[in-house]
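What follows is each chain in one-letter form.
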Amino acid sequence: MKPGLTARWLVTAFAATTFGAAFLAAQAPDGPQPDPPAAATPAPKPPAPRPAPSGETITVPAGTRVGVILENGISTSSAKPGDSIYFRTSFPITINNKVVVPVGSYLRGEVADSKRPGHIKGRGELRIRLNTLVLPNGYTVDLNAEPRSTDSASNTKTDSEGKITGPGGKGKDAQTVATTTVAGAGIGAIAGGGKGAGIGAGVGGLAGLAAVLLSRGPEAQLPRGSSMDLVLERDLPLDAGQIHYTNVGIPSTVIVQPANP
């Protein structure tokens, strides 16, 4: 390449480079450049709200019987007022051919009164009241119910006011006196013949009577698993929007929270 052409080419290249650099500098903004904005983090989705009350009410009328199974045993030997008791429904309640209280619903209540049997007379007595119903979907309502009948295997009776009474002890007391009397008579006969038998019988009878006076009658008790019929003492209103279940014929597990003190 000729020297004149080389010089002209170098001048042209230098001018083009300088012009390009100046153009780029003019396009860039003054001052330090901020970092590009970070990508926005999507906000977490709020939890699904519980169904709002629909405003429509389904009423289970007062007097409705509720079949239940006792979840924890109870006895006058240890029960005291305020003790919690739990039941599970064993038969569904329906209104207009629709299950409104399915099998497996839970009821919570408490001991209202507990009286142990006396030494000479008086039977064991229990009074309980039911105040909370928990349906399988967690819907919880207040109620007022009392027992009307108890499992025959428990040897208890229930009156019209919901009082549960234990069995009497007269037969057991008579048997105790008779047994000790016969035993005393036998020992007396061995020791002193007929006269000794009479004395022994008297001593044995006194011993039996003392045993009766020192012991209590049978306790009123309902073991776990006992069946019972409850009766609603007042109407039970239920929100129609909450009455939706699946597997209504299958008992489900419901965690019952302890009552507030």
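Throughout, a residue's number is its position along its own chain's written sequence, starting from 1. With pLDDT at 70 or above as the cut-off, local features in this predicted model cover only qualifying residues; side-chain atom pairs require 80 or more to be listed or tallied, and sums for whole chains, interfaces and linings still use all residues. Excluding hydrogens and water, the side-chain values take into account all heavy atoms of the structure.

Caption draft 1: Quick look at the overall build of the chain. Counting from the N terminus, the helices are DSSP H or I runs at least four residues long and the strands are E runs at least two residues long. Counting secondary structure elements, the chain contains 2 helices and 14 strands. Only protein chains enter the calculation, and the probe is 1.4 Å; a residue is then buried if its accessible area is under 20% of its type maximum, exposed if over 50%, and partly exposed in between. Across the 261 residues of the chain, 30% fall into the buried class. When contacts within the chain are restricted to residue pairs at least 6 apart in sequence, long-range pairs at least 24 apart make up 67% of them. Per-residue and other accessible areas were derived by the Shrake-Rupley procedure at a 1.4 Å probe size, with only the shown protein chains allowed to occlude residues. With an accessible surface of roughly 16500 Å², the chain has 60% of that area assigned to carbon and sulfur atoms. By definition, residues are in contact when any of their heavy atoms lie within 4.5 Å.

Caption draft 2: Representation of the nonpolar core within the structure. Within this scheme, the nonpolar core is defined by two criteria: the residues are buried Ala, Val, Leu, Ile, Met, Phe, Trp, Tyr or Cys, and they are joined through side-chain atoms within 4.5 Å. In this structure, Ile 74, Phe 87, Ile 128 and Leu 238 are the most contacted members of the largest nonpolar core, which totals 33 residues. Non-local contacts of Ile 128, meaning those with residues more than four positions away in its chain, are made with Ile 74, Ile 85, Phe 87, Glu 110, Val 111, Ala 112, Glu 146, Pro 147, Ile 164 and Met 228.

Caption draft 3: Quick peek at the environment of Asn 96. The residue Asn 96 is located in the loop between strand E5 (93-95) and strand E6 (98-101) in this model. Counting along the chain gives 38 residues from Asn 96 to Ile 58, while the straight-line C-alpha distance between them is 9.9 Å.

Caption draft 4: Looking closely at the pairing of strand E13 (residues 227-232). Between any two strands, at least two bridges found by DSSP are needed for them to pair. Here 5 bridges tie strand E2 (residues 65-70) to E13, and the two strands are oriented antiparallel to one another. Residue Val 66 lies in a different strand from E13, and its bridge partner there is Leu 230. Two elements, strand E9 (residues 140-150) and E13, share 5 bridges in a ladder whose sense is antiparallel. Across the sheet, residue Pro 147 finds its bridge partner in E13, namely Leu 230.

Caption draft 5: Broad picture of the pattern of salt bridges. Whenever a carboxyl oxygen of Asp or Glu lies within 4 Å of a side-chain nitrogen of Lys or Arg, that contact is scored as a salt bridge. Tallied over the full model, the rule gives 9 salt bridges. Its salt-bridge partner being Asp 229, residue Arg 65 comes within 3.7 Å of it at the nearest N-O pair. Taken as a pair, Arg 65 in strand E2 and Asp 229 in strand E13 lie far apart in primary sequence, 164 residues in all. Several salt bridges share partner residues, and in doing so they unite Glu 146, Arg 148 and Glu 233 into one network.

Caption draft 6: Examining unusual backbone geometry more closely. Residues other than glycine seldom take positive phi values, yet Asn 96 does so here, at roughly 55°. Judged by its relative accessible area of 74%, Asn 96 falls in the exposed class. Notably, Asn 97 is not glycine yet its phi reads approximately 65°, a positive angle. Looking at where Asn 97 falls in the secondary structure, it is placed in the loop between E5 and E6. Asn 97 sits in the exposed class, given a relative accessible area of 83%.

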